[in-house]
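Letter by letter, the chains look like this.
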Amino acid sequence: MTSIFDQFEQASQISQRAAPVAEPMTSSGYINMQMDDNTPMFSKQKMNFNPSDYITHVAVASDYLVLAMANGKLFRLDLKMPDQHEEIHYAKFVQPNTKLSNIFLDPLGHHLLLAFSARNKDGNPELVYLHRARSKLKSVSKSRNYEVTEVGWNYENKSISTTGPILLGTSHGHLLETELEADNDKMFAGSQQYWRQIFDIGKGADTPITGIQFHRVNNTTKYFIFVTTPTRLYQFIGHAVFTDNKPSLQTIFHAYLTIPETGFQEIPSTLKYSRLQFYFDKNNTPKTFAWLTEPGIFYGQLDPTSQQNSNSLFTQGELINYPPEKTDTKDKTADKTEVSERTPLAFVLTEFHAILMFADKVKAVSLLSQELVYQDTYSEAHGKLKNIVKDPVRRTIWAVTDKAVFRYKVIREERNVWRIYSDKEEFDLAKQYCHNNPAYIDIINVKQAELLFSKGDYEKSAEIFADTQSSFETVCLKFLEVDQVNALKVYLSRRLDALNEDDKTLISMIVIWMTELYLSQLGSLRRTGKEDTQEFHQIQSDFEVFLLQTKVVKCMQHVKSVIYDLMSSHGDKQNLIKLTIINEDYENVIEQNIYKKSYLEALKILQGLQRPDLFYQFGPMLMEKTPKHTVNALISQGPRLIPSKLLPAFLACENDEEHVSEIIRYLEFMLQNFNVKDKAIHNYLLTLYAEKNKPALMRYLSRQGQDLAMINFDVHYALRLCREKGLSEACVKLSALLGLWEAAVELALDVDVSLAKSVASLPEETEMQRRLWLSIAEHVITKNQDLKEAMSLLEECPLIKIEDILPFFSDVVTIDHFREPICQSLQEYNTQIEDLKAEMEDATKSAECVRAEIQSFRNRSVIVSVTDACCLCDITLLLRPFYLFPCGHRFHSDCLLAEIQPILGPARRNKLSDLQRQLSVLSNIELSTPTSNGLPLREVLKNEIDDIVASECIFCGEYMIACIDKPFIADEDWDRVLKEWE
């Protein structure tokens, strides 16, 4: 049950706790959010055990608590087993006329040192050792001439039987190095392994050492040592000599024996005590230190490596003043007793606070802000406070009074660190201690942005403002009021990056606004003649990058008309074109150029875009306004354009010679260079030729040739068009193409006889040529009755004779006029008769040779030897029926049948199969039945099979010639043969 005194003390503790000062929320994004943690940062709990007498001293390490009491006893307790404690009467183990001045417990909680001072002149100081596993104290013999005031424990020692090398400080400023051992019960006075004085700070004066800390610099043999007196803080660093993996610290001080005392920090004080505390991080590495002095706590960050460039082992050293008393009268005549009461008696160091112990209260001061954050007043019922200590391993904090032991619990002491660092303008550190709390980070960012803004670093301020929840309008107005357009662009850009794609309205607003800002800046520089400056190019480059951002490109789908209007109002054609390219909205720019009659600019854009559909769309307008340049642009596109899709543009502007000539130029270019075969294009070009350029039409028809299958235009349409236009020569060529030879010759005779002659020579049929030439002859003779011209016709065409053209002459012409051609004709007939007689004689001789050869075959015989083999299977020929050819090749009948069957045509193969089936199916009687020619059916079937199979030798006949390109190894046998060869 809680006593009435405890209840009063708890109430006092709560009422005196410093309330955190609420900071107004400067950001609008986190309204009504709980900013402070209401859990007490420091809380106290009284331990449930009562010592047998007043407590005078305390030590704790590794959850092992040791109390020294006024009755001369030690109270030892393992905090893991609070129900089991032990009391040892230490007074009977020490000399009389001494009193206990302090107790020291190593970090492992196994080695306890009790320091005794002399009560009077008859007494001697003494140092006593007690092991955790022992109940008997042992005096350290060589310590009797020294009053030990401080012990520097070896934090690297892991042995429970030995302390490892340690340092002792005395009341006269001596530094001693020793090692104590407790291996067995034989320990006695003087059991230390060694004992030596290594340095003298006091130089014979009464200068007590109040604090000792020594630690190794990571992964080196170097150690640094802090030693304090009531007024000075000494620093030592050097390399230790190791023996059996144990350092000898004496070598560190060798360098300091011969140099003047310079490596110390001095703070004047009238007190006879001071305190030194280290704070260790999670890796048990010393991080910070604090030295309690009369004016305040000297605090700094440990950095042994910095000693390479200076004489100090720490950085950022500062003096933290003690918090004033609430009832402080500020009496300047206060005596030393009052000063002493205002100075803490002891303290412990945490990461961010110093917990100070006074005679009747405990205070916690922030190491960062130097403000009082906690105060706890003790009631008289528990007696005066004796000490406050910290477990170096478990990091628990213990306060003892005359009658009780209290444990302090520290909960999230870093909770307000972010606010303190923020107030000190150390914003990066502040954010580290926010623990990703968005409200805290927002407050820090706002404060940092405001600070940068006040210093004139507007762009950096804009970057940070963009990460806050500050009002968008407020921030924008701030930058507009100071005319910082670049900073405003930075802010808008960062806000745009942070927006979700669903925030379409805000995205659209920012995109339009930023576009206006860029255009205004570019326009201003352009008007002042700074278009070629680095500033202009940088802004232009930034604007282009902005337009290419994904969000901007997507936004353009909704606001592109607004952006186009902006660019047009600024007269920024270059960026307007670039934007249309990004948006693939080329029609807009081209339409604007056409509207402004900037036709060449529109063509230039079209050529750069290489978009055929836009040529088809804007071709009619551009062709009408500037035909020459438009055709040049069309020609530059080459095969990318389909000429037939440009026909509407061409048909719309056939109003003058210039347009027609340019159209013809383009069509001729496409036909000559890219072999266009589109019939519509050829028909259109032929139409233009027929209307505007007759010679070009004839050249075109000549290039097309006389092969109707290779003609690319519609011949019937062309013929009809040429008839309408009265183009007789063209009609002749077209009629000839259609095979209308008589009509073509008839038309040609009206134009020119030579043209008719050329047409008459074209037909492949001799009879047709003869008829056409007769028509020409009739026309020429009937018209002129010119004998010489008639004779020239006979020479030009050997198909017609004199007798063919005689009927065309009039009756008045006598035969004498034709004597020479008639004689020539008779001579030719005579020559032909002689040639026919010679051919008949040759044929008769050939027939006689054939009959003789057939007769010789009837009497021919071939000898077949027993050793002869089949040419296909290499087996003796006489073993089976065989075929013997005149060439000497011989085959078994079944071998030849198997070889010849695959190469037979389908009809002969089917007939062969049918004959073989009849031989096998019909009975002997049926096969012996005579046929119409008197032979048995069997003989007839065999003769027919022989006619198919043995019609020729497969090695010497046509089959062998046909197989010249047949591979030696069939495809289906290739893999098998390949494996055999391998």
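Quick note: structure is the one above.
Values in this document were obtained by computation on a predicted structure and should not be read as measured data. (Residues numbered from 1 in each chain as written. Predicted model: local features only at pLDDT ≥ 70, side-chain atom pairs only at ≥ 80, totals over all residues. Heavy atoms only, no water.)

Draft legend 1. How the structure looks around the overall build of the protein. Of regular secondary structure, the protein possesses 34 helices and 32 strands. Within the protein, the fraction of its 982 residues that count as buried is 44%. Counting only contacts in the protein whose residues sit at least 6 apart along the sequence, the fraction spanning at least 24 positions is 51%. Surface summary for the protein: the accessible area is close to 52600 Å², and the carbon and sulfur share equals 51%. (Helix = DSSP H or I, 4+ residues; strand = E, 2+ residues; numbered from the N terminus. Buried < 20%, exposed > 50% of the residue type's maximum accessible area, 1.4 Å probe, protein only. Contact = heavy atoms within 4.5 Å. Areas by Shrake-Rupley, 256 points an atom, 1.4 Å probe, with all protein chains shown as cover.)

Draft legend 2. Representation of the packing of helix H9 (residues 504–527) against helix H11 (residues 550–570). Following both chains from N to C, one finds H9 and H11 inclined at 35 degrees, their axes separated by 9 Å at the closest point. The hand of the H9/H11 crossing is right-handed. Contact with H9, carried on its side by Ile507, Ser508, Val511, Ile512, Thr515, Glu516, Leu519 and Ser520, involves Lys551, Val552, Cys555, Met556, Val559, Val562, Ile563, Leu566, Met567 and His570 of H11 and no other residues of that element. Tallied by class, residues from the contact of H9 with H11 come to 12 nonpolar, four polar and two charged. (Axes fitted to C-alpha atoms, helices over the stretch in contact; angles between N-to-C directions. Left-handed = near helix turned anticlockwise from the far one by under 90°. Nonpolar A, V, L, I, M, F, W, Y, C, P; charged D, E, K, R; others polar.)

Draft legend 3. View of a nonpolar patch on the surface. Taken together, the side chains of Val862, Val866, Leu878, Phe882 and Leu884 define a hydrophobic patch exposed on the protein surface, amounting to about 410 Å² of accessible area. Structurally, phenylalanine 882 is set in strand S31 (residues 882–884). Take phenylalanine 882: its relative accessible area is 32%, and that puts it in the partly exposed class. (Patch = residues over 30% accessible without salt bridge, like charges linked within 9 Å, V, L, I, M, F, W, Y side chains within 5 Å. Salt bridge = Lys/Arg side-chain N within 4 Å of Asp/Glu carboxyl O.)

Draft legend 4. Summary view of the nonpolar core. Core analysis: the largest hydrophobic core is formed by 98 residues, its most contacted members being Tyr491, Ile590, Phe650, Tyr666 and Phe713. In terms of residue count, the dominant contributor to this core is H9 (nine residues). In this structure, isoleucine 590 is in contact with Ala602, Ile605, Leu606, Leu609, Leu614 and Phe618, ignoring residues within four places of it in sequence. The next biggest cluster of nonpolar side chains, apart from the first, holds 33 residues, and it includes Ile201, Phe224, Phe253 and Ile267. (Core = buried A, V, L, I, M, F, W, Y, C linked by side-chain atoms within 4.5 Å.)

Draft legend 5. Up close: the packing of aromatic side chains. Throughout the structure, instances matching the rule amount to 41 aromatic pairs. With 5.1 Å between their ring centres and 90 degrees between their planes, phenylalanine 352 and tyrosine 433 make a pair best called edge-to-face. Of the two residues, phenylalanine 352 is situated in the loop between strand S24 (346–349) and strand S25 (353–357) and tyrosine 433 in the loop between helix H4 (427–432) and helix H5 (438–455); the sequence distance between them amounts to 81 residues. An angle of 80 degrees between the planes, with centres 5.1 Å apart, marks the rings of phenylalanine 453 and tyrosine 458 as edge-to-face. Its relative accessible area of 14% is what places phenylalanine 453 among the buried residues. These aromatic residues form a ring-pair network of at least three members: Tyr155, Phe224, Phe226, Phe278, Phe280, Phe289, Phe298 and Phe314. Across the ring face of tyrosine 378, the terminal group of lysine 44 is positioned such that the distance to the ring centre comes to 3.9 Å. When the ring centre of phenylalanine 358 is taken as origin, the NZ or CZ atom of lysine 363, which lies over that ring, is 5.0 Å away. (Phe/Tyr/Trp six-rings, centres within 6.5 Å; stacked < 30°, edge-to-face > 60°. Lys NZ or Arg CZ within 6 Å of the ring centre and 35° of its normal.)

Draft legend 6. Local environment of the pattern of salt bridges. What the rule picks out here adds up to 26 salt bridges. Across the pair glutamate 657 and lysine 692 runs a salt bridge, and its minimum N-O distance is 3.8 Å. Here lysine 692 lies in helix H19 (residues 679–692) and glutamate 657 lies in helix H18 (residues 657–674), a separation of 35 residues in the sequence. Its relative accessible area of 52% is what places glutamate 657 among the exposed residues.

Draft legend 7. Summary view of the sheet that holds strand S6 (residues 98–105). Pairing is antiparallel in the open sheet, where four strands are placed in the order S6-S7-S8-S9. On the outer flanks of this sheet lie S6 and strand S9 (138–139), each paired with one strand and no other. Inspection of the sheet shows strand S8 (residues 126–131) paired to S9 by two bridges, in the antiparallel sense. Of the residues in S9, the one forming a bridge with valine 128 is serine 139. (Pairing = 2+ DSSP bridges.)

Draft legend 8. Main features of the sheet that holds S25. Ordered by their spatial adjacency, four strands build an open sheet running S24-S25-S26-S27, and the pairing between neighbours is antiparallel. Each edge of the sheet is formed by a strand with only one pairing partner; in this case those strands are S24 and strand S27 (372–377). Strand-to-strand twist of the sheet, defined as the mean angle between neighbouring strand axes without regard to direction, takes the value 15 degrees. In the sheet, S25 pairs with strand S26 (residues 361–366) via five bridges, with the strands oriented antiparallel. Looking at S26, one finds that leucine 356 is bridged to lysine 363.

Draft legend 9. Spatial organisation of the environment of tyrosine 491. Mapped onto the elements, tyrosine 491 comes out in helix H8 (residues 485–498). For tyrosine 491, a relative accessible area of 0% puts it in the buried group. Sequence spacing of tyrosine 491 and glutamate 463 is 28 residues, and the spatial spacing of their C-alpha atoms is 5.7 Å. With residues up to four places along the chain from it excluded, the contact list for tyrosine 491 reads Ala462, Phe465, Ala466, Ser470, Ser471, Phe472, Val475, Cys476 and Phe479.

Draft legend 10. Highlighting the packing of H5 against helix H6 (residues 458–465). Orientation of H5 relative to H6, taken along the N-to-C sense of each, is 165 degrees, at an axis distance of 8 Å. In terms of orientation, H5 lies roughly antiparallel with respect to H6. For H5 against H6, the interelement crossing comes out left-handed. Residues Asn445, Gln448, Ala449, Glu450, Leu452 and Phe453 of H5 lie in contact with H6, whose contacting residues are Tyr458, Lys460, Ser461, Ile464 and Phe465. Partitioned by chemical class, the residues of the contact of H5 with H6 number six nonpolar, three polar and two charged. (Parallel < 35°, antiparallel > 145°, perpendicular 65-115°, else oblique.)

Draft legend 11. Quick look at the pairing of strand S12 (residues 174–179). Taking burial as the measure, the six residues of S12 include six buried ones, the bulk of the element. Alignment of strand S11 (residues 166–170) against S12, held across four bridges, turns out to be antiparallel. Opposite isoleucine 166, over in S12, you have threonine 178 as the bridge partner. Between S11 and S12, which pair antiparallel and follow one another directly, the connecting turn spans three residues, one of which, glycine 173, has a positive phi of 85 degrees. Pairing of S12 with strand S13 (residues 194–200), which is carried by six bridges, proceeds in the antiparallel orientation. Bridge assignment links leucine 175 to a residue of S13, and that residue is phenylalanine 199.

Draft legend 12. Fine view of the environment of asparagine 157. By the element assignment, asparagine 157 lies in the loop between strand S10 (148–152) and S11. For asparagine 157, a relative accessible area of 13% translates into the label buried. Sequence spacing of asparagine 157 and lysine 246 is 89 residues, and the spatial spacing of their C-alpha atoms is 9.1 Å.

Draft legend 13. Up close: the pairing of strand S20 (residues 275–280). The pairing of S20 with strand S21 (residues 286–292) spans six bridges and is classified as antiparallel. Of the residues in S21, the one forming a bridge with tyrosine 279 is threonine 288. Between S20 and S21, which pair antiparallel and follow one another directly, the connecting turn spans five residues, one of which, asparagine 284, has a positive phi of 60 degrees.

Draft legend 14. Looking closely at a negative patch on the surface. A cluster of acidic residues, Glu834, Asp835, Glu839, Glu841 and Asp842, forms a negative patch at the surface. Counting through the fold element by element, aspartate 842 comes out in helix H28 (residues 819–858). We classify aspartate 842 as partly exposed; its relative accessible area is 47%. (Lys, Arg positive; Asp, Glu negative; His and termini not counted. Charge placed at Lys NZ, Arg CZ, Asp CG, Glu CD.)

Draft legend 15. Main features of unusual backbone geometry. For arginine 412, which is not a glycine, the phi torsion comes out positive at approximately 45 degrees. Within the element layout of this structure, arginine 412 appears in the loop between strand S30 (405–410) and helix H3 (417–423). Even without glycine at this site, aspartate 483 takes up a positive phi of about 55 degrees. Summarising the element assignment, aspartate 483 is placed in the loop between helix H7 (472–481) and H8.

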